[in-house]
Amino acid sequence: MDWCFCTVTVTFSGKGRHCRPMPASGCYLTRQSSRSSSAGKPSRRRHTAMAGLLSPLMLCLWFTLFGDKAHAAPAAQSSSDPLVLAFYYTWFDEHTWTYDRLSDLPVEPYVSRERGVMGRHIDQARAAGIDALLVAWYGPTGDSNQTEPNLAALLEEAAARNFKIGILFETDSPFLGGTGAITAALQHALAVHAAHPAFLRVDGRPVIFFWRPSLYGVDAWRAIRSQADPGYSSIWISEGVNTAYLAVFDGHHLYSNTWNPPADLTATNQKFANQVVAARNQHGVYKFWVATVMPGYDDVRIRGGAGFARGREGGAYFERAWQAAIASQPNWIVINSFNEWPEGTYIEPSQAHGGHYLNLSAAWSQRFKAGGGVHVQAAALPAAPPPPPVPTPQPEPDTPTAIVEVALANLRGGPSTDHPIVGTAGAGATLPIRGRAAAAPDWWQVEYSGGTAWVYAPLVRAAGPLEQTPSVELAPEIAPQEPAERAEVLATESEPATVEPAIAAAAVSAEPISADAPTGPILSRGP
């Protein structure tokens, strides 16, 4: 069976609309074997040329008649809408596109930071029936973190096209060193990015998906959410094979259901759909079930002997994934992925497959949405916990003082993580500041146990007349070594697992091994 994915350029002027179809080279044509799910249907190969001509002409007619309406803002999403989403990655650059690491290449190799690329991808996603792209995000900080500026640019490009963008929160981001950094990143996401008119909202609530929340325990996430989203005014979708996280999150999805060894897609979808229903009943609030569809999988070239491949079967596997997902009656469906090239799950037009998978997505998205979606009785917000008591304001100290702002901070014999820990200080502890070294500006020398120690500055609030802080000359034996990455220091200098039951102990708890878990390699995010 032939599929044609064409685009048409429409220009507007005072004399009316003019349609200019792309040349034939711009139309991706693929052929599907009669052994696919389309078996039994008459072949349409003879009509390929005619299809390539009629598609742009029909689009031209549509723009001529309804062009003004095409630019109207989409209706606000409600919890009963059958949305189709797709994971999207923005960390590709000029060095990405080589066959030594990828099994296939895009039709048009690109760098993710270019606005024209973003616009092209949004247009392709819309044509494929996708309602929003879920953009992998490493948080707002980090000099080499391109996901933050690229997310901001994508929101602008989406707004210009009446499209929506959500976040896929990368919990294992190299720029997020612990629960404090994760909380701050989520606060930034909700205060800055979610305020953008192009950000994906359902029932007025911004939507955030999470990758690998199991790096932290349920109690840790409860503490994170109590600070980042205390009113439960956003929708958080967890990931993995442990639905216990629905005690804190508002919905669940499997990032991947293409496992090694393979699992039955229909049974897998239904099993987790049933677990989400059970969580709704258990917690007394609505929980979203998001089913995953994948065209295949192939990470052999990036993981060698630890990788595996699941063939696409000319699109038949993708179609079975859609059938299994729809049968589980999901609220939404998420495509994994639009452009995760290193793991071979892309539907973006490629040199091997052309636009075949965009066309399949368009057909199956339409079929899913034609079902009308799952009726949701006003997806109830979970009751927000009572706000914590407002602390009594403390007077500003008369002398330079470091006030610990994390659960527990390490105190070291010198201004780096290479020096031994000589003590610890809990949240709220006040440590008189005794000095600072020009060679180690990220550390304070503080008074401790009749002597001095060093504390990492981002873990404390420095107060008082800091201009009175003496400058300290470091002896050679305590001079700082090569500076560590900020995220690494934050992770090692605060919240030891042995002393903080509410956050730290929960943070290091491993996700219980489930019978549903794949036995293949653990997926990783990143280029």
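First things first, this report covers the structure right here in the doc. (Residues numbered from 1 in each chain as written. Predicted model: local features only at pLDDT ≥ 70, side-chain atom pairs only at ≥ 80, totals over all residues. Heavy atoms only, no water.)

### A short note on the overall build of the protein chain
At step 1: Assigned secondary structure in the protein chain consists of 11 helices and 22 strands.
At step 2: When contacts within the protein chain are restricted to residue pairs at least 6 apart in sequence, long-range pairs at least 24 apart make up 73% of them.
At step 3: Taken as a whole, the protein chain presents about 23700 Å² of accessible surface, with 55% of it coming from carbon and sulfur. (Helix = DSSP H or I, 4+ residues; strand = E, 2+ residues; numbered from the N terminus. Contact = heavy atoms within 4.5 Å. Areas by Shrake-Rupley, 256 points an atom, 1.4 Å probe, with all protein chains shown as cover.)

### A word on the packing of helix H4 (residues 179–191) against helix H5 (residues 218–228)
At step 1: Relative to each other, H4 and H5 sit at 40°, their axes nearing to 9 Å. In terms of axis orientation, H4 runs oblique to H5. Crossing geometry of H4 relative to H5 is assigned as right-handed. Together, Thr179, Ile182, Thr183, Leu186, Gln187 and Leu190 of H4 and Trp221, Ile224, Gln227 and Ala228 of H5 make up the contact between the two elements. (Axes fitted to C-alpha atoms, helices over the stretch in contact; angles between N-to-C directions. Parallel < 35°, antiparallel > 145°, perpendicular 65-115°, else oblique. Left-handed = near helix turned anticlockwise from the far one by under 90°.)

### With respect to unusual backbone geometry
Comment: phi is negative for the bulk of residues other than glycine, and the bulk of peptide bonds are trans.
At step 1: Proline 261 follows asparagine 260 through a cis peptide bond whose omega is 0°.
At step 2: Considering the arrangement of structural elements, one finds proline 261 in the loop between strand E11 (251–253) and helix H6 (265–283).
At step 3: Omega for the peptide link from asparagine 336 to serine 337 comes to 15°, which places this bond in the cis form.
At step 4: Along the chain, serine 337 turns up in the loop between strand E15 (332–335) and helix H9 (356–370).
At step 5: Of note in this structure, asparagine 162 is not a glycine but carries a positive phi near 55°.
At step 6: The topology assignment puts asparagine 162 in the loop between helix H3 (147–160) and strand E7 (164–170).
At step 7: Residue asparagine 162 is classed as partly exposed on the basis of its relative accessible area of 22%. (Buried < 20%, exposed > 50% of the residue type's maximum accessible area, 1.4 Å probe, protein only.)

### Brief notes about the pattern of salt bridges
At step 1: Taken as a whole and assessed by the stated rule, the structure comprises 17 salt bridges.
At step 2: Put simply, glutamate 156 and arginine 115 hold a salt bridge, and the shortest N to O gap is 2.7 Å. Here glutamate 156, found in helix H3, pairs with arginine 115, found in helix H2 (residues 115–127); they are 41 residues apart in sequence, far enough to count as distant.
At step 3: Residue class for glutamate 156 comes out partly exposed when judged on its relative accessible area of 43%.
At step 4: In this structure, arginine 222 engages aspartate 219 in a salt bridge whose closest nitrogen and oxygen atoms are separated by 2.8 Å. Here arginine 222 and its partner aspartate 219 are both found in helix H5, three residues apart, which amounts to about one turn of the helix.
At step 5: Judged by relative accessible area, arginine 222 falls into the partly exposed class, the value being 37%.
At step 6: Via salt bridges that share partners, Arg115, Asp123, Glu156, Glu157 and Arg161 belong to a single interconnected network. (Salt bridge = Lys/Arg side-chain N within 4 Å of Asp/Glu carboxyl O.)

### Re the nonpolar core
At step 1: Counting residues in each nonpolar core, the largest one holds 69 residues, and the members touching the most others are Ile130, Leu133, Phe169, Leu186 and Trp221.
At step 2: Apart from residues lying up to four places away in sequence, isoleucine 130 is in contact with Val84, Leu85, Ala86, Ala125, Phe163, Ile335, Phe338 and Ile347.
At step 3: Within the second largest apolar cluster, 33 residues are counted, among which are Phe87, Val290, Trp332 and Val334. (Core = buried A, V, L, I, M, F, W, Y, C linked by side-chain atoms within 4.5 Å.)

### Side note on the packing of H2 against H3
At step 1: Relative to each other, H2 and H3 sit at 55°, their axes nearing to 10 Å. With respect to each other, H2 and H3 are oriented oblique. Crossing of H2 against H3: the hand is right-handed. In this structure, H2 contributes Arg115, Met118, Gly119 and Ile122 to the contact, and H3 contributes Asn150, Ala153, Leu154, Glu156, Glu157 and Ala158.
At step 2: Residue composition of the contact of H2 with H3, grouped by class: five nonpolar, two polar and three charged. (Nonpolar A, V, L, I, M, F, W, Y, C, P; charged D, E, K, R; others polar.)

### Looking at the pairing of strand E6 (residues 132–137)
The side chains of a regular strand alternate between the sheet's two faces.
At step 1: Buried residues dominate E6, accounting for six of its six residues.
At step 2: Residues of E6 alternate between two faces, with Ala132, Leu134 and Ala136 on one and Leu133, Val135 and Trp137 on the opposite face, all of them buried.
At step 3: Bridge analysis of strand E5 (residues 83–88) against E6 gives four bridges, and the strand direction is parallel. For leucine 85, the partnering residue across the bridge sits in E6 and is alanine 132.
At step 4: A crossover links E5 with its parallel partner E6, the connecting element being H2, and its sense is right-handed.
At step 5: Two strands pair when backbone bridges link them, and E6 and E7 are joined in this way by six bridges, in the parallel orientation. Directly across from alanine 136, in E7, lies its bridge partner leucine 168.
At step 6: A crossover connection joins E6 to the parallel E7 through H3; in handedness this β-α-β unit is right-handed. (Pairing = 2+ DSSP bridges. Right-handed = clockwise from strand over helix to strand, strands pointing away.)

### Brief notes about H2
At step 1: The end-to-end C-alpha distance of H2 is 19 Å, a good match for the 18 Å that 13 residues give at a rise of 1.5 Å each.
At step 2: Buried within H2 are the following residues: Val117, Met118, Gly119, His121, Ile122, Gln124 and Ala125.
At step 3: Looking one or two places after H2, you find glycine 129, whose phi comes out positive at around 80°. (Expected span 1.5 Å × (residues − 1).)

### Some words on the environment of alanine 278
At step 1: Among the secondary structure elements, alanine 278 is positioned in helix H6.
At step 2: Residues alanine 278 and threonine 243, 35 residues apart in the sequence, show an inter-C-alpha distance of 9.7 Å.

### Here we look at the packing of aromatic side chains
At step 1: Here the structure, examined in full by the defined rule, presents 28 aromatic pairs.
At step 2: Considering the side-chain rings of phenylalanine 210 and phenylalanine 249, the 5.1 Å spacing of their centres and the 80° angle between planes classify their relative orientation as edge-to-face. Of the two residues, phenylalanine 210 is situated in strand E9 (residues 205–211) and phenylalanine 249 in the loop between strand E10 (235–239) and E11; the sequence distance between them amounts to 39 residues.
At step 3: Put simply, the rings of Trp137, Phe169, Phe210, Tyr216, Trp221, Trp236, Tyr245 and Phe249 touch in pairs and so form one group of aromatic residues.
At step 4: Against the face of tyrosine 346 rests arginine 312, its NZ or CZ located 4.2 Å from the ring centre.
At step 5: Here the guanidinium or amino end of arginine 367 rests over the ring plane of tryptophan 364, the centre of that ring lying 4.0 Å away. (Phe/Tyr/Trp six-rings, centres within 6.5 Å; stacked < 30°, edge-to-face > 60°. Lys NZ or Arg CZ within 6 Å of the ring centre and 35° of its normal.)

### Side note on helix H8 (residues 316–327)
At step 1: Its 12 residues place the ends of H8 17 Å apart at the C-alpha level, agreeing with the 16 Å of an ideal helix rising 1.5 Å per residue.
At step 2: Those residues of H8 that are buried are in contact with E5, H6, strand E12 (288–293), strand E14 (309–310), E15 and H9.
At step 3: With its phi angle positive at about 55°, glutamine 329 sits one or two positions after the end of H8.

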